[in-house]
Amino acid sequence: MAILSIRNLTKRFGGLAANDDISFDVEEGALFAVIGPNGAGKTTLFNMISGFLQPSAGSVSFAGQDITDLPQHEIAARGLVRTYQLVQLFKDLTVAENVAAGFHRVTKGGVAAALFRPGWMREQERAIAARTDELLSFVGLDGLDAVPADKLPYGRQRLLEVARALAAQPKLLLLDEPAAGLNLQETAALADVIERVNAQGVTVVLVEHDMGLVMRVARRIAVIDFGRKIAEGTPEEIKTHPDVLAAYLGGVETV
Ligand SMILES: Nc1ncnc2c1ncn2[C@@H]1O[C@H](COP(=O)(O)OP(=O)(O)O)[C@@H](O)[C@H]1O
Ligand SMILES: [Mg+2]
């Protein structure tokens with residue numbers, strides 16, 4: 001069953017079609033990647049799926065329901081959670097506090113609860129602290145909980161973003177260029193985390209420019225170029241697809 005179906009998604013910025021009639025399905029449990037050269041329209045596509053941008057045309061359905069017109073927070077509340085191309089951590093908060101912020105959608109509370117701290121709230125805080133530890137350990141950041149987020153090396157900040165996204169208990173996780181700026185070792189650590197997230201049953205859609213990471217982790221790939229989907233298939237099929245080779249080799253980039 002498809003957990004995510006996009007149909008004829010189109011986004012126009014003035015005269016430019018940043019996305020032009022893009023359709024594909026992502027099966028539940030998949031590890032799917034969207035690739036394409038810089039400026040191809042990958043982030044725009046994620047922005048429409050996650051409710052950050054309204055499509056000019058087309059539709060998005062998630063878990064069998066049309067979410068095209070829902071606001072971002074409603075979409076996240078249903079379990080479609082994204083990360084951003086540029087690191088979006090709370091710089092002055094600690095590693096643990098950044099993860100705790102990710103629990104927002106699954107916790108209850110409010111000002112009165114924060115003031116009076118009823119028993120259920122202390123219980124909730126304990127549960128969050130325990131789960132935060134688990135998530136930090138899952139992404140390999142154990143022992144760093146008290147460190148300010150902006151003191152972490154860049155590669156670890158990206159892992160922290162993944163931990164924070166997991167705190168929101170996604171059914172579908174959208175990762176926008178998580179490996180951008182990472183060295184080979186950091187990319188390998190990230191790939192390992194992505195594979196383990198997926199193995200736990202979370203569907204993952206990855207936008208990447210870095211072919212190495214995509215070819216290693218993705219089991220199905222859609223390729224976009226100048227806003228249009230030009231190919232879809234397994235990594236093997238994509239590697240040898242003539243239009244993909246032309247899109248990548250035609251520019252300054254190599255496969
Ligand atoms: N808010 C915007 N306003 C105008 N043009 C935009 C906006 N966002 C993206 N674009 C343009 O849309 C195209 C696709 O951008 P983007 O989706 O960021 O590509 P990618 O993520 O594949 O690098 C680019 O030409 C970009 O300049
Ligand atoms: Mg982008």
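Residues numbered from 1 in each chain as written. Chains lettered and ligands numbered in written order. Predicted model: local features only at pLDDT ≥ 70, side-chain atom pairs only at ≥ 80, totals over all residues. Heavy atoms only, no water.

### Some details on the packing of helix 5 (residues 119-138) against helix 6 (residues 154-167)
One way to put it is that helix 5 packs onto helix 6 with a least axis distance of 9 Å and a crossing angle of 140°. Classed by the angle they form, the pair helix 5 and helix 6 counts as oblique. Considering only the axes of helix 5 and helix 6, their crossing is right-handed. Residue-level contacts link L135, L136 and F138 of helix 5 to L160, A163, L166 and A167 of helix 6. Across the contact of helix 5 with helix 6, the residue classes break down as seven nonpolar, no polar and no charged. (Axes fitted to C-alpha atoms, helices over the stretch in contact; angles between N-to-C directions. Helix = DSSP H or I, 4+ residues; strand = E, 2+ residues; numbered from the N terminus. Parallel < 35°, antiparallel > 145°, perpendicular 65-115°, else oblique. Left-handed = near helix turned anticlockwise from the far one by under 90°. Contact = heavy atoms within 4.5 Å. Nonpolar A, V, L, I, M, F, W, Y, C, P; charged D, E, K, R; others polar.)

### Thoughts on unusual backbone geometry
You will see that D21, though not glycine, has its phi angle at about 60°, which is positive. Along the chain, D21 turns up in strand 2 (residues 16-27). At Q169, a residue that is not glycine, the phi angle is positive and equals roughly 55°. For Q169, the position within the fold is in the loop between helix 6 and strand 7 (172-176).

### Details of the domain arrangement of the chain
Put simply, an interface is often sized by how much accessible area is lost when its parts join up. Along its sequence, the chain is carved into domain 1 (1-79 + 170-255) and domain 2 (91-167). Inter-centroid distance (C-alpha atoms) of domain 1 to domain 2 is 27 Å. Facing 18 residues of domain 1, the contacting portion of domain 2 comprises 10 residues. Both faces combined, the contact of domain 1 with domain 2 buries some 1200 Å², and carbon together with sulfur accounts for 69% of it. It is P170, V193 and R196 in domain 1 that bury the most area against domain 2; as a group they hold 30% of the surface buried on that side. The interface formed by domain 1 and domain 2 holds zero salt bridges in total. Mapped onto the side of domain 1 that touches domain 2, the elements with two or more residues apiece are helix 2 (72-77), strand 7 and helix 7 (184-199). The residue makeup of the side of domain 1 that touches domain 2, split by class, is 11 nonpolar, three polar and four charged. (Domains from an automatic or database assignment. Buried area = accessible area lost by both parts, 1.4 Å probe. Salt bridge = Lys/Arg side-chain N within 4 Å of Asp/Glu carboxyl O.)

### Comments concerning the sheet that holds strand 9 (residues 220-225)
Strands sit in the order 6-7-8-3-9-10 across an open sheet of six strands; the sheet is mixed. On the outer flanks of this sheet lie strand 6 (80-82) and strand 10 (228-233), each paired with one strand and no other. Neighbour-to-neighbour, the strand axes of the sheet open up by a mean angle of 20°, direction not taken into account. Bridging between strand 7 and strand 8 (residues 203-208) involves five bridges; their strand directions are parallel. Within the sheet, the bridge partner assigned to L174 lies in strand 8 and is V205. (Pairing = 2+ DSSP bridges.)

### A look at the site of ligand 1
The immediate surroundings of ligand 1 are formed by F13, L16, A18, P37, N38, G39, A40, G41, K42, T43 and T44. Between ligand 1 and G39, the relevant distance is 2.7 Å, taken from an oxygen atom to a main-chain nitrogen or oxygen of the residue. K42 places a polar side-chain atom, nitrogen or oxygen, 2.8 Å from an oxygen atom of ligand 1. For ligand 1, whose free accessible area comes to 570 Å², the fraction covered by protein is 59%. Among the secondary structure elements, those contributing two or more residues to the shell around ligand 1 are strand 2 and helix 1 (42-49). Considering each element in turn, the shell around ligand 1 owes the most residues, three residues, to helix 1. (Near = heavy atom within 4 Å. Polar contact = N/O pair within 3.5 Å; in protein donor to acceptor, adjacent residues only side chain to side chain. Areas by Shrake-Rupley, 256 points an atom, 1.4 Å probe, with all protein chains shown as cover.)

### Some thoughts on the nonpolar core
Among the nonpolar cores identified, the biggest contains 49 residues, and L160 and I221 are the most heavily contacted of them. Considering every element that reaches this core, the biggest residue donor is helix 6, with seven residues. Here this core gathers at least three residues from each of two domains, domain 1 (1-79 + 170-255) and domain 2 (91-167). Beyond its immediate stretch of four places on either side in the chain, L160 contacts L89, V95, N98, V99, L136, L141, A149 and L152. Within the second largest apolar cluster, 26 residues are counted, among which are I6, A30, F46 and I224. (Core = buried A, V, L, I, M, F, W, Y, C linked by side-chain atoms within 4.5 Å. Buried < 20%, exposed > 50% of the residue type's maximum accessible area, 1.4 Å probe, protein only.)

### Some words on the pairing of strand 7
Here strand 7 lies mainly inside the structure; five of its five residues are buried. Here strand 7 shows no split at all, with L172, L174 and D176 on one side and L173 and L175 on the other all buried. Where the polypeptide runs from strand 7 across helix 7 and back to strand 8, its parallel neighbour, the crossover connection is right-handed. (Right-handed = clockwise from strand over helix to strand, strands pointing away.)

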